[in-house]
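Here is what each chain is made of, one letter per residue.
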Amino acid sequence: MSLHAKLVITAFALFNVIFVVELLRKRKLSESYTLMWLFVIVAVIFFTWAERFLSSITSYFGAITPVSTLTLLSLLFILVMLIFFSMKIHKLERSIKEMAQRVALDNPKGNVG
Amino acid sequence: MEGLTRPRDDRGNERVIVLPVYNEEKNLRTTVEEIRGTGIPWDIVMVDDGSTDGSRDLLANLPVTVLSHPVNLGYGAAVQTGLRYAVLRGYGTVVLMDADGQHVASEIPALLAALDKGADIVIGSRLLGESAGYRIPLLRRTGIAFFSAVAKMLGGTRIHDVTSGFQAMRLEVARFLAEEYPVDFPDAEVIISLGLRKFRITEVPAHFRMRVHGSSMYSNPAKALYYPFKSLLASFIVLLRLIREKK
């Protein structure tokens, strides 16, 4: 990977650090999600600069370039995140259902009978 | 009609009719008047599932108990709310009907008679005997037949009309279903789940009318396409859960 590409990725990662911290400050993101994204950003910077490590993974996967390996790892990460957020959405759906049902059950109206 | 006029079942518990409602403004009054017209003295509970037409206002003026979801949760969730209410209030028998006027209130005694003969839950079936004037599209009929076979294979009970929402059940079944009930399309999955847990399920012939106003939840093409896959997956998951429970 060229130095130019490394610098662009690092700059983008650092911009994201500021972005997620700002979201946390504005209470638009929780501490746990902010921490998770900070770990992701650290991982991106690590893979960008740890060329030898990335090259060994590239040869292990049989990929042609380190960029292909990064793309593959990114896709796997996105897949895991999508499953994680599907679980979160399902949990929220259940919570909303339980709440809405509780509201309905606690407030019966009209004439019984 | 003798069974209709008794407010309590053979165990001395009160009985209730539960009707989930979603945008049924044009059908509600007729449905309630039909039930009351048959002399049924039981409580009627209508669960408004976040209707956006005038259903909510109309329900306030009908002689029924109304439970209102603040948002639309789906047919299954509305049924579950009704069942939870029935369990909390200790009703001994619960009759489920649709609020769109498709089910015939005067046929409730036929369901009760089957309950009295020892069934835990009775399904009113449009596929047994005559079903005057009710036509099921071929695709849906095929789907019903398929899931009927799946229910028989997994749950051991042959129920022809697995998508019927016209049902009568004992408190034990209501209590079980009040805990876990699928939010959307609670059909074969429920039958299979009850069959696997050895509840006695029977089916009696029932006449269904064609809906006069509004549209069915199955009329959405995307939902119709999604339905068989979801139901098939859900059916096998029910089986897997039971296997895990037994271990």
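Preceding block: the structure.
Computed from a prediction, not measured in an experiment: that's the story for all the values here.

1. Notes on the overall build of chain A
Counting secondary structure elements, chain A contains 4 helices and 1 strand. Ordered by position from the N terminus, the helices and strands of chain A form the series α-α-α-α-β. Here the C-alpha atoms of chain A give a radius of gyration of 22 Å, more than 25% beyond the 13 Å that 2.2 N^0.38 yields for 113 residues. When the backbone C-alpha atoms are referred to their principal axes, chain A occupies close to 75 × 35 × 15 Å. Looking at chain A as a whole, 20% of its 113 residues are labelled buried. Of the roughly 8,400 Å² of accessible surface on chain A, a fraction of 73% belongs to carbon and sulfur atoms.

2. Describing the layout of surface pockets
Residue and element names in this part refer to chain A. Its volume calculated, the second largest pocket comes out at about 300 Å³. Together, 13 residues line the second largest pocket, and Val-44, Phe-47, Leu-70, Leu-73 and Ser-74 are the ones closest to its centre. Put simply, the parts of the chain that give the lining of the second largest pocket at least two residues each are helix H2 (31–49) and helix H4 (66–106). The dominant element in the lining of the second largest pocket, judged by the number of residues it contributes, is H4, at 6 residues. Split into classes, the residues belonging to the lining of the second largest pocket amount to 11 nonpolar, 2 polar and no charged.

What counts as what
Residues numbered from 1 in each chain as written. Chains lettered and ligands numbered in written order. Predicted model: local features only at pLDDT ≥ 70, side-chain atom pairs only at ≥ 80, totals over all residues. Heavy atoms only, no water. Helix = DSSP H or I, 4+ residues; strand = E, 2+ residues; numbered from the N terminus. Rg over C-alpha atoms; globule rule 2.2 N^0.38 Å. Buried < 20%, exposed > 50% of the residue type's maximum accessible area, 1.4 Å probe, protein only. Areas by Shrake-Rupley, 256 points an atom, 1.4 Å probe, with all protein chains shown as cover. 1 Å grid on protein atoms, 1.4 Å probe; cavity = no way out; pocket = protein on both sides within 12 Å on 5 of 7 lines; lining within 4 Å. Points joined across faces, edges and corners; volume = space filled by probe spheres on them. Nonpolar A, V, L, I, M, F, W, Y, C, P; charged D, E, K, R; others polar.

All quantities given are derived from atomic positions and should not be read as evidence of function.
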